[in-house]
Number of protein chains: 2
Amino acid sequence: MNVSPEKKSFKTYMADESSPSSFARYLDGELWETKDTLREEISQGEVFQRSSYGLTLDQNRDLTVERLKYMLTRPIMRHHLQDQMKEKQPGFITKSMVITELICSADMGTGVKLGVVCGLFGGAVNNLGSPEQKETWYLPVTDLEFTGMFAMTERGHGSNVRGILTEAIYEPSTQEFIIHTTCDDAQKMYIGNAMKGNYAAVFAQLIINRESQGPHCFIVPIRDSHGVLNSGVTVVDMKHKEGLHGVDNGILIFNNVRIPRENLLSKFGCVLGLAVQAMAAMKLGLIIAVRYSHSRRQFGPKDQEEVKIIEHQTQYLRLMPHLSAALALTFTTRFAGRMMDHALCKGEVLQNNSSLQALVAGLKAYSTWENMACLQECRECTGGMGFMMENRISALKCDSDAFVTFEGDNVVMLQVVVKELMTQYSKQLGKSVFGGFIKTWTSSVSDSFRTSFLGLNVDTVGDLRFLLKALSYRERVLLRSLAARLYAKVEKNKQEFFDAWNCCLHHVTCLALAHIHRVTLEQFALAIQECPVEDHTLLSKFCLLHGTSLVYQERAWYLEHNYLTPTTSRQIRTQLLELCSSVKDVALKVVSDFNVPPCCIQAPIAGVPNPRADWAFHSQPEYPIRASKL
Amino acid sequence: MNVSPEKKSFKTYMADESSPSSFARYLDGELWETKDTLREEISQGEVFQRSSYGLTLDQNRDLTVERLKYMLTRPIMRHHLQDQMKEKQPGFITKSMVITELICSADMGTGVKLGVVCGLFGGAVNNLGSPEQKETWYLPVTDLEFTGMFAMTERGHGSNVRGILTEAIYEPSTQEFIIHTTCDDAQKMYIGNAMKGNYAAVFAQLIINRESQGPHCFIVPIRDSHGVLNSGVTVVDMKHKEGLHGVDNGILIFNNVRIPRENLLSKFGCVLGLAVQAMAAMKLGLIIAVRYSHSRRQFGPKDQEEVKIIEHQTQYLRLMPHLSAALALTFTTRFAGRMMDHALCKGEVLQNNSSLQALVAGLKAYSTWENMACLQECRECTGGMGFMMENRISALKCDSDAFVTFEGDNVVMLQVVVKELMTQYSKQLGKSVFGGFIKTWTSSVSDSFRTSFLGLNVDTVGDLRFLLKALSYRERVLLRSLAARLYAKVEKNKQEFFDAWNCCLHHVTCLALAHIHRVTLEQFALAIQECPVEDHTLLSKFCLLHGTSLVYQERAWYLEHNYLTPTTSRQIRTQLLELCSSVKDVALKVVSDFNVPPCCIQAPIAGVPNPRADWAFHSQPEYPIRASKL
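Residues numbered from 1 in each chain as written. Chains lettered and ligands numbered in written order. Predicted model: local features only at pLDDT ≥ 70, side-chain atom pairs only at ≥ 80, totals over all residues. Heavy atoms only, no water.

Here we look at the overall build of chain A
Inference 1: When helices and strands are tallied, chain A shows 21 helices and ten strands.
Inference 2: Put simply, chain A has 630 residues, and 64% of those count as buried.
Inference 3: Accessible surface, chain A: about 22,900 Å² in total, of which carbon and sulfur atoms supply 52%. (Helix = DSSP H or I, 4+ residues; strand = E, 2+ residues; numbered from the N terminus. Buried < 20%, exposed > 50% of the residue type's maximum accessible area, 1.4 Å probe, protein only. Areas by Shrake-Rupley, 256 points an atom, 1.4 Å probe, with all protein chains shown as cover.)

Okay, here's the thing in structure tokens:
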């Protein structure tokens, strides 16, 4: 029981003793070598063998800094940071995502801190700084000299960037900006790395000749290399949070801080990073819960051995849809990363690519909510064991709970998605959204004819094409009806736009999620086409499960729209139960193919010992005899 | 900002400066004086002015012991504990619930520890001990001398009591029992108070003449009054959990421990205690989230002041249904407490009252899940602020997350409910469940005629009677169809009962929740009849909201069964949105009428300062001008 994990290769604890399976490699994607290198580096790092629960805040923060330093000094990371300073690096985003996922698997706090220093601060500097500015502010990061922070959110304003209150008044005589916190509500809050960092990328209203030019981004020195605060800057430690204890969040207050004339701009694809972080947390939770469910026994037929808890219908029904969603997110985040890399290589400014922004915003909301639901099920499905810190799920839940409101509350994210969908829709109609009102209703009607035709003839609910069509149909109908409702309120009834929009906010969030659901299922379906032949059946089954689960969740809507009949709606439920049952055994292979190093798991109930809880239950999962039936 | 809360009366921070409103008093119920005394005691206690986040495990545990000692020495508590030792005390359960709710409002860990010492251990001793045994094992608790623990759960068995492995072998020659941990899976786990307590009520298989007599309960001395462990007993500290850090959970291992012949039995109404604890957590979360939503502003019409976030449709839609559920739980737990008191006064053994057990089991599952969903929404609706520990919601969430699997996993609880429903159903038919198969289908058909008749003529979805009937209908249909399915599987197809049951497990959980949903709405409806006239309108509106929200959640099922048409299903959604909107302002009064002392809130975002985070945002909620419109 007392074997320390670093003494053993992680293969010992995982399903497959040999090299990764074809499916594991496919899940890793093109950058599998990078991932293997990172796995090796993490597994070798002494800082990642310890676990951080029950430490004091200071110990936790110090450990996180140690971990970050360890990672930043790995050759693979140094190389990547130098790439970041160059322009139009092919595959930079994709590689960043891979790094984020692996580091978050090891420790969510380290991943978030890396995101602040390199993604947010680094993104701001590198996206818009001159070569000299990059040299000044970002090059030192690669030598661990300076670390930055990203100061957008204010006490009075979270997601509403336009409303920020911090001012940057330009003084032509000295060619300086004067950064000032104009009131309590202008204080910069939740700033990550606030207690350690040297420079902050600060968002403020640029004021020239007493006129506001809108929000701009400025680099403000916070403390020197000895940690001494610069004059005019006050930093308050925000201390205790639900999770992410290793990340030092604080408040920044500026009292007429003068900085030379160098301004920078806006944010990066960091929101996609959150989707990846949430996915990393989900995968860990699923690895632990699935492995435990295949080892723990409870209840059973009279006078016979108790059955493994994965055999309980409720158990597999609670876990398997999340496993299919984790796969869907793997493929969809990869797709979004490629799109982003493509746009960057073409020299596009990401903020101007609103369709990409909408995709990423939707993915962030979907993945962070899906992650919370998944981890809560994992925690409950592992009983009291899931409540113990050494089994990891609790801390993952607390850490990643931040993501649902982080970098833009999910409800705001969904509005970003819908604004873009509305824009595209009006372009498609060749005129303003509201002009398209009549046309909308006409096509809506023909749509319902078409689908009922399909429903009767071609499709069955067990067919992936049926599910894909159902999701597209729902998105389209929700979009059209939203446009019609807004038209009626704003154009006909002359309601203020904010009020009209607010009356439709529930509709808006449904549409945004319908959109992202459709995208995840499409990307999953495409991934089947590209996967190795031997994994085709397995992946198809999970894809069908993902689609079935998405339609099942919204079956009330489909019934309301006569897209499902009561009979087909019941078929969907039966299908969901059957698919979950049919993948529960092969789930053990899938979580093994996530290929997460055991030092990132360290959950006794997953069969990986934790040196701090050697009394804790751990047994290896028992492989089902007919696991290969898929 | 730096005012310490104990210097001020809690009225200062709450809505109403005068004495509690009629509604507040109605919510308190008959025992309002007891509640006021407890509020006063808690508010006076220095131990409750401090908050426990960020402490070490030992500090947290010590603080919890201090808090428990403080409470146990209050006259009101001493009196109650002495009552516990008498038999058939009228209103004992109801009073215990009131105490539990108030202490949990102050600190969840203290509430749980009190539950272990007095509810579980005390319940076992007092329910079944002789007067001498009570004197020996429980009287000292009232003087804080001995504290007990309750050792049922084992490593290998959580909720399946029949399967426990610890043995108590009776030795006739010495008239002793030999308590023994037969294997690793027999270790007693998660035992609360394990690091401090003196006696344990241990569940073990009673073995006489090598034959098992089934599980019985034994009092086993664990350590003496100096804290020295008794010979043969090993205790392992389980240390770090997601929450409830003040509760010391451990593992007990017995190596042939001899105890004299005195055995005790089974458990008490402790599961109802969990429902109350979860309700206390919900109310706190709602107080904080509703008050913040009425003070924080974000977004708004162009060129106008931003609106309070409670005005956002998504915000009130997320919070208001939980507020109505918290009210429903107030009335339903009170009802269950009265039923229990009634049964106890008649001298009934609670374990033999399976319908009461089923009610309590269902309530436990519903309230603990509803609580988690509520607190997660509260956390998200308060943004980053909700992630900060000083604002309480995070810790409440982590603490009460335990309850969903505590004292019986919720999925197991729901099965208890359904077993009782099936038993009643078969009694009602005058024969075995499966004999009633034909009759079942006949009445099912007549049911569907009757409801469609009602649907067309009498009821509208906005009528409470419609909602009550809808919930009853669903429960009845699910019950009959489950009976029919089991009949087909077991009687016709000769399937093993466990397998048949397992195939229907999703159906079982739906039925159990349908049952408890119906009970909560009925109790809510009854509470309207009893409430003060001036609160009638307010309470009716929340009751309608609760019913609407329950039907809305299951509208897919109603559509599948043609109980709702697509049109009425949409009406339900519209009604939900309108009701949520119409109660959002009066919600501020309702959370104030929960009448929770500010030292139990201490959340800066609720407008109650926290001395450990004086930098934190706090403003008083702004009362809507037309708040009295209900």
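Let us keep going from here.
Points about the sheet that holds strand β4 (residues 188-192) of chain A
Residue and element names in this part refer to chain A.
Inference 1: Taken in spatial order, the three strands of this open sheet run β4-β8-β7, and their pairing is antiparallel. Edge positions in the sheet fall to β4 and β7 (233-237), since each has one partner strand and no second. Within the sheet, the average angular offset between the axes of one strand and its neighbour, ignoring direction, is 35 degrees. (Pairing = 2+ DSSP bridges. Axes fitted to C-alpha atoms, helices over the stretch in contact; angles between N-to-C directions.)

Regarding the nonpolar core
Inference 1: Of all hydrophobic cores here, the largest spans 361 residues; its most connected members are Met320, Phe542 and Phe594 of chain A together with Met320, Phe542 and Phe594 of chain B.
Inference 2: For Phe542 of chain B, the contacting residues outside a window of four places in its chain are Leu323, Ser324, Leu327, Phe524, Val583, Val586 and Val590 of chain B. (Core = buried A, V, L, I, M, F, W, Y, C linked by side-chain atoms within 4.5 Å. Contact = heavy atoms within 4.5 Å.)

A word on the sheet that holds strand β4 (residues 188-192) of chain B
All names here are of chain B.
Inference 1: Pairing in this open sheet of three strands is antiparallel, and the strands run β4-β8-β7 from one edge to the other. Each end of this open sheet is capped by a strand with a single partner; those strands are β4 and β7 (233-237). Strand-to-strand twist across the sheet, computed as the mean angle between neighbouring axes with direction ignored, equals 35 degrees.
Inference 2: Bridging between β4 and strand β8 (residues 249-254) involves three bridges; their strand directions are antiparallel.

Looking at unusual backbone geometry
All names here are of chain B.
Inference 1: The backbone phi angle of Asn562 is positive, close to 55 degrees, even though this residue is not glycine.
Inference 2: Looking at the secondary structure, you find Asn562 in the loop between α19 (555-560) and α20 (566-583).
Inference 3: Of the residues examined, Asn562 reaches a relative accessible area of 59% and is grouped as exposed.

Remarks on the UniProt feature "active site" (unreviewed entry) in chain A
Residues and elements named next belong to chain A.
Inference 1: UniProt's entry tags Glu407 with the feature "active site" (unreviewed entry), counted in the numbering of this structure.
Inference 2: Along the chain, the position of Glu407 falls in the loop between α12 (393-401) and α13 (410-428).
Inference 3: Residue class for Glu407 comes out buried when judged on its relative accessible area of 19%. (UniProt positions renumbered as here; feature names shortened; annotations may be inferred.)

Comments concerning the relation of the copies chain A and chain B
Inference 1: Take chain A, turn it by 180 degrees, move it 0.0 Å along the axis, and it overlays chain B with an RMSD of 0.0 Å. Here the symmetry operator amounts to a two-fold rotation axis. In terms of C-alpha distance to the rotation axis, chain A has Ala556 of chain A as its closest residue, with the C-alpha 2.0 Å off the axis.
Inference 2: When the interface residues of chain A are mapped onto chain B, 99% of them are again interface residues, pointing to one common binding face. (Least-squares fit on C-alpha atoms with pLDDT ≥ 70 in both.)

Details of the pattern of salt bridges
Inference 1: Scanning the entire structure with this criterion turns up 66 salt bridges over all chains.
Inference 2: Ionic pairing is found between Glu522 of chain B and Arg518 of chain B, a salt bridge with its closest N-O pair at 3.1 Å. You can see Glu522 of chain B and its partner Arg518 of chain B sitting in helix α17 (residues 505-530), four residues apart, about one turn around the helix.
Inference 3: On the basis of relative accessible area, Glu522 of chain B is assigned to the partly exposed category, the value being 30%.
Inference 4: Its relative accessible area of 17% is what places Arg518 of chain B among the buried residues.
Inference 5: Through salt bridges that share partners, Arg25, Asp28, Lys35, Asp36, Arg39, Glu101 and Lys283 of chain A make up one connected network. (Salt bridge = Lys/Arg side-chain N within 4 Å of Asp/Glu carboxyl O.)

What about the packing of aromatic side chains?
Aromatic ring pairs are described here by two measures, namely the spacing of the ring centres and the angle between the planes.
Inference 1: Scanning all chains against the criterion turns up 28 aromatic pairs over all chains.
Inference 2: When the ring of Tyr558 of chain B is compared with that of Tyr563 of chain B, the centres are 5.6 Å apart and the planes differ by 50 degrees; the resulting orientation is tilted.
Inference 3: Residue Tyr563 of chain B is classed as buried on the basis of its relative accessible area of 13%.
Inference 4: By way of ring pairs, the aromatic residues Phe466, Tyr473, Trp557, Tyr558 and Tyr563 of chain A are connected into one cluster.
Inference 5: Sitting above the plane of the Tyr552 of chain B ring, Arg555 of chain B keeps its charged end 4.0 Å from the centroid. (Phe/Tyr/Trp six-rings, centres within 6.5 Å; stacked < 30°, edge-to-face > 60°. Lys NZ or Arg CZ within 6 Å of the ring centre and 35° of its normal.)

Some words on the interface of chain A and chain B
Inference 1: On the chain B side, the residues contacting the 84 residues of chain A number 84 residues.
Inference 2: Summed over both sides, the interface of chain A with chain B buries roughly 6,900 Å², with 56% coming from carbon and sulfur.
Inference 3: Looking at the side of chain A facing chain B, the largest losses of area belong to Phe387, Glu560 and Trp615 of chain A, adding up to 11% of the total buried there.
Inference 4: Remark: the boundary between chain A and chain B carries ten salt bridges.
Inference 5: Between Arg555 of chain B and Glu560 of chain A there is a salt bridge, with the nearest N and O atoms lying 3.6 Å from each other.
Inference 6: Taken together, the links from chain A to chain B amount to 40 residue pairs in polar contact (both at pLDDT 80 or more).
Inference 7: Class assignment for the residues of the side of chain A that touches chain B results in 34 nonpolar, 25 polar and 25 charged. (Buried area = accessible area lost by both parts, 1.4 Å probe. Polar contact = N/O pair within 3.5 Å; in protein donor to acceptor, adjacent residues only side chain to side chain. Nonpolar A, V, L, I, M, F, W, Y, C, P; charged D, E, K, R; others polar.)

Looking at the side chain of Glu370 of chain A
All names here are of chain A.
Inference 1: By the secondary structure assignment, Glu370 is in helix α11 (residues 354-381).
Inference 2: Although Glu370 is buried, it forms no salt bridge, and the closest oppositely charged side chain is Arg318 at an N-O distance of 12 Å.
Inference 3: Setting aside anything within four residues of it in sequence, one finds Glu370 in contact with Met282, His322 and Ala325. (Lys, Arg positive; Asp, Glu negative; His and termini not counted.)

Observations regarding the pairing of strand β1 (residues 148-151) of chain B
All names here are of chain B.
Inference 1: Judged by which residues are buried, β1 turns out to be covered on both faces: Gly148 and Phe150 on one side and Met149 and Ala151 on the other are all buried.
Inference 2: Alignment of β1 against strand β5 (residues 199-208), held across four bridges, turns out to be parallel. The partner of Phe150 across the bridge, within β5, is Ala201.

Brief notes about the confidence of the model for chain A
All names here are of chain A.
Inference 1: Considering every residue of chain A, the mean pLDDT works out to 86; 89% of them sit at 70 or more.
Inference 2: Low confidence marks residues 1-16, where pLDDT is under 50. Its contacts with residues over four positions away, or in another chain, come to 40 contacts.
Inference 3: This stretch, residues 626-630, has a pLDDT under 50; its non-local contacts, to residues over four places away or in other chains, come to seven contacts.
Inference 4: In the model output, the complex is listed with pTM 0.88 alongside ipTM 0.87. (pLDDT = per-residue confidence, 0-100.)

Here we look at the environment of Glu101 of chain B
Residue and element names in this part refer to chain B.
Inference 1: Relative to the helices and strands, Glu101 resides in helix α5 (residues 92-106).
Inference 2: The spatial distance from the C-alpha of Glu101 to the C-alpha of Ala275 is 9.5 Å, given a sequence separation of 174 residues.
Inference 3: Glu101 has contacts with Lys35, Val276, Met279, Ala280 and Lys283, leaving out every residue within four places of it along the chain.
Inference 4: Polar contacts involving the side chain of Glu101 include one to the side chain of Lys283, which spans 2.9 Å.

Let's talk about the side chain of Asn249 of chain A
Residues and elements named next belong to chain A.
Inference 1: Take Asn249: it is sitting in strand β8 (residues 249-254).
Inference 2: Within polar-contact distance, the side chain of Asn249 engages the backbone oxygen of Tyr190 at 2.6 Å.
Inference 3: Not counting residues within four places of it along the chain, the set of residues in contact with Asn249 comprises Arg61, Tyr190, Ile191, Gly192, Ala194, Val236, Asp237, Met238, Lys239 and Lys241.

Focus on the environment of Met97 of chain B
Residues and elements named next belong to chain B.
Inference 1: Structurally, Met97 is set in helix α5.
Inference 2: With 177 residues separating them in the primary sequence, Met97 and Leu274 have C-alpha atoms 9.6 Å apart.
Inference 3: Discounting chain neighbours no more than four positions away, the residues touching Met97 are Leu272, Val276, Thr333, Arg334 and Gly337.

What about the environment of Lys308 of chain B?
All names here are of chain B.
Inference 1: With respect to the secondary-structure elements, Lys308 resides in the loop between α9 (270-293) and α10 (313-345).
Inference 2: On a C-alpha basis, the gap between Lys308 and Leu139 in space is 54 Å, while along the polypeptide they are 169 residues apart.
Inference 3: Not counting residues within four places of it along the chain, the set of residues in contact with Lys308 comprises Ser293, His294, Arg296, Arg297, Glu622, Tyr623 and Pro624.
Inference 4: Of note is the side chain of Lys308, whose polar atom sits 3.4 Å from the side chain of His294.
Inference 5: In terms of polar contacts, Lys308 uses its side chain to reach the backbone carbonyl oxygen of Glu622, at 2.8 Å.

Some thoughts on the packing of helix α18 (residues 536-553) of chain A against helix α20 (residues 566-583) of chain A
The angle between the axes and the distance between the axes are what describe a pair of packed helices.
Residues and elements named next belong to chain A.
Inference 1: Between α18 and α20, the least distance of the axes is 9 Å, while the angle of their chain directions is 145 degrees. The two elements α18 and α20 cross, and the hand of that crossing is left-handed. For the pair α18 and α20, the contacting residues are Lys541, Phe542, Leu544, Leu545, Thr548, Ser549, Val551 and Tyr552 in the first and Ile572, Arg573, Gln575, Leu576, Leu579, Cys580, Ser582 and Val583 in the second.
Inference 2: Grouping the amino acids of the contact of α18 with α20 by side-chain chemistry returns ten nonpolar, four polar and two charged. (Left-handed = near helix turned anticlockwise from the far one by under 90°.)

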